[in-house]
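Examining the three-dimensional arrangement
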Amino acid sequence: MEFTQSFPRRETRQIMVGNVPVGGGAPITVQSMTVTKTADHEATLQQIYALAAAGADIVRCTCNEPEAAEGLARIIPRSPVPIVADIHHQYRRALEALEAGVHCLRLNPGNIKNPEHIKTVAREAKDRNVPIRIGVNGGSLHPDLYRKYGDKVTPEAMVESALQEIAYFDEVGFDLIKISVKASSVPLMIEAYRQLAEVTDHPLHLGVTEAGPPPIGTLKATAGIATLLAEGIGDTIRYSLTADPVEEAKAGRQLLEVMGLRERKNVDLIACPSCGRAEVDVFTIAQDAMAAFGEREIPLQVAVMGCVVNGPGEARDADLGIAAGNKRGHLFVKGQNVMVVPEDEMVDTLVEWAEFIHEHGADAALERASATKDAAKKAAEEDRERNLGEKGDDANDAETIIKEIRRKPEHS
Ligand code: SF4
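Because the structure is a prediction, the values reported are computed rather than measured.

Take the overall build of the protein chain next. Scanning the protein chain from N- to C-terminus turns up 15 helices and 15 strands. At 22 Å, the protein chain has a C-alpha radius of gyration in line with the 22 Å of a compact globule built from 412 residues. The dimensions of the protein chain, computed from C-alpha atoms along their principal axes, are 70 × 65 × 35 Å. Counting the 412 residues in the protein chain, one finds 51% classified as buried.

Another aspect to go through is the domain arrangement of the protein chain. When its domains are assigned, the protein chain resolves into domain 1 (14-258) and domain 2 (268-391). One C-alpha centre belongs to domain 1, the other to domain 2; they are set 33 Å apart. In this assembly, 10 residues from domain 1 lie in contact with 12 residues from domain 2. The residue inventory of the side of domain 1 that touches domain 2, partitioned by class, reads 7 nonpolar, 2 polar and 1 charged.

The environment of the ligand is made up of 14 residues, and the closest members are Cys 272, Cys 275, Gly 306, Cys 307 and Asn 310. For the shell around the ligand, a count of residues per class yields 7 nonpolar, 4 polar and 3 charged.

A few words on the nonpolar core. Ranked by size, the top nonpolar core spans 126 residues in total, and within it Leu 72, Ala 85, Ala 97, Val 102, Leu 105, Val 181 and Tyr 193 carry the most contacts. At 8 residues, helix H1 (residues 41-54) tops the list of elements feeding residues into this core. Inspection of this core shows a minimum of three residues originating in each of domain 1 (14-258) and domain 2 (268-391). Not counting the four nearest positions on each side in its chain, Leu 72 is found in contact with Thr 38, Cys 61, Cys 63, Ile 83, Ala 85, Ala 97, Ala 100 and Val 102.

It is worth spelling out the sheet that holds strand S3 (residues 29-33) at this point. Read across the sheet, 8 strands follow the order S8-S7-S6-S5-S4-S3-S10-S9 without closing on themselves; strand pairing throughout is parallel. In this open sheet, the two edge strands, each paired with only one partner strand, are strand S8 (177-182) and strand S9 (205-206). Across 2 bridges, S9 lies against strand S10 (residues 236-238) in parallel orientation. When the sheet's bridge partners are listed, Leu 206 is paired in S10 with Ile 237. The sheet strands contacting helix H7 (residues 186-199) are S8 and S9, and the helix crosses S8 at an angle near 150 degrees.

For the rest of this paragraph, the subject is the packing of H7 against helix H8 (residues 216-230). To describe two helices that pack against each other, one gives the angle between their axes and the distance between the axes. At a closest axis distance of 9 Å, the pairing of H7 and H8 adopts a crossing angle of 20 degrees. It follows from the interaxial angle that H7 and H8 lie roughly parallel. H7 and H8 meet at a crossing whose hand is right-handed. Residues Val 186, Met 189, Ile 190 and Tyr 193 of H7 pack against Lys 220, Ala 223, Gly 224, Thr 227 and Leu 228 of H8. Here the contact of H7 with H8 is composed, by residue class, of 6 nonpolar, 2 polar and 1 charged.

Right, let's talk about the pairing of S8 for a bit. For a regular strand, side chains alternate in direction, first toward one face of the sheet and then toward the other. Most of S8 sits inside the fold, with 6 of its 6 residues counted as buried. Neither face of S8 is left uncovered, since the one carrying Ile 177, Ile 179 and Val 181 and the one carrying Lys 178, Ser 180 and Lys 182 both have all their residues buried. One ladder, built from 6 bridges, connects strand S7 (residues 132-137) with S8; its direction is parallel. Bridge pairing in S8 places Val 136 opposite Val 181.

This paragraph deals with H1. Over its 14 residues, H1 runs 20 Å from end to end, which matches the ideal 20 Å to within 8%, given 1.5 Å per residue. Of the residues one or two after H1, Gly 55 is the one with positive phi, at around 120 degrees.

Attention shifts here to the sheet that holds strand S14 (residues 328-333). Spatially, 5 strands are ordered S11-S12-S13-S14-S15 in an open sheet, and the strand pairing comes out mixed. Because the sheet does not close on itself, it has two edges, and the strands there are strand S11 (268-271) and strand S15 (336-342). Shown here is a sheet whose adjacent strand axes are inclined to one another by a mean of 20 degrees, direction ignored. Relative to strand S13 (residues 320-324), strand S12 (residues 301-305) runs parallel, the two being bridged by 4 bridges. Looking at the pairing, Ala 303 lines up with Gly 321 of S13. Running over the sheet, helix H10 (residues 282-293) touches S11 and S12 and is turned about 175 degrees from S11.

Residue position: Pro 77 is located in the loop between helix H2 (66-75) and strand S5 (83-87). Note: C-alpha distance between Pro 77 and Met 189 (112 residues apart in sequence) is 35 Å. Leave out the neighbours within four places in its chain, and Pro 77 touches Pro 273, Cys 275 and Asn 396.

The rules behind each value
- Residues numbered from 1 in each chain as written.
- Predicted model: local features only at pLDDT ≥ 70, side-chain atom pairs only at ≥ 80, totals over all residues.
- Helix = DSSP H or I, 4+ residues; strand = E, 2+ residues; numbered from the N terminus.
- Rg over C-alpha atoms; globule rule 2.2 N^0.38 Å.
- Buried ≥ 20, exposed ≤ 12 C-beta atoms within 10 Å, placed from the backbone.
- Domains from an automatic or database assignment.
- Contact = placed C-beta atoms within 7 Å.
- Nonpolar A, V, L, I, M, F, W, Y, C, P; charged D, E, K, R; others polar.
- Near = placed C-beta within 6 Å.
- Core = buried A, V, L, I, M, F, W, Y, C linked by C-beta atoms within 7 Å.
- Pairing = 2+ DSSP bridges.
- Axes fitted to C-alpha atoms, helices over the stretch in contact; angles between N-to-C directions.
- Parallel < 35°, antiparallel > 145°, perpendicular 65-115°, else oblique.
- Left-handed = near helix turned anticlockwise from the far one by under 90°.
- Expected span 1.5 Å × (residues − 1).

The structure is reproduced here in structure tokens:
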């Protein structure tokens, strides 16, 4: 007999991380974090796409050096999901990340301690309508609070740290906030979140920090996150595992699914955000594809990508995808080109191949393409070269933004 339990959710305010709502009754979102060097924008984007394919709704990248902020300027126009910049110690990196167009910042009150620096960042974020996560971490609690609570990390100290940071933000009228009070101890983090939920209605980001490698890390994170979710606490979650971050995203997604908090029965359509390189109106094709898939129960990941220069590579973890070329669509299965279709047949082709893969599997689809894939690969290469020739290497003007980042007087 099927039994479904819904967990009443705590009421929270809603913020927008890019186009993804967090809190205020929005579906609980899954986050993960890249482990590449953010300055290596191609490797980072590849990982972001893999994370999105595994179920991440939002991805965090470290912004630990000026080159990382420059990497963000190149990554953000091409990322399929909103990007959060993780800031440690250097408030200047936060200002640079904002300049790069990041969708959210994460500040740790334990390591950016100067109130003036915190307020400067909050003012700049306010002007740009960009939210900030106050990321309190038991392992890096502000030293004053550590002393105040008897040289111990306690739930009360962690909550006080978050409230202090909120007070700085209040001074400059900034309230686009979400909060985390993570610890590596499961009982400690559970109690800290419970106490925090009593005193604020800002959305909460749940996690057990430094949970370790699977399976024990997964178990610890699940114990902490699931306990709170069952109490209605939590608006976005992250598994912090010592593992490929794709495992984090999958675990997060699966937890929400098994708790009946997220559903994936139908196609999971991912689409690139479109950028200066796009060869087609990605928004329209993605909307048309969504409408064409409708309620069909095809639990595959399908990608709609605006160009063949980066599309098949960025979305190579999707089961199936199509990337626009010169008035035609390049269909790919698991990142491999399989055929070329006219632009007005892109959506119908996607649906037909998705049904085929659902029924027969990706290997059968690659086999099906054995007669067309060589020509498809060649055509994709031609369109790729043409796009690069026409639009150059810097189709998104990232270099102009990077010059702005470098011009900032604090850039060091
Ligand atoms: S148009 Fe191409 S480069 Fe731009 S975001 Fe889409 S796939 Fe990436």
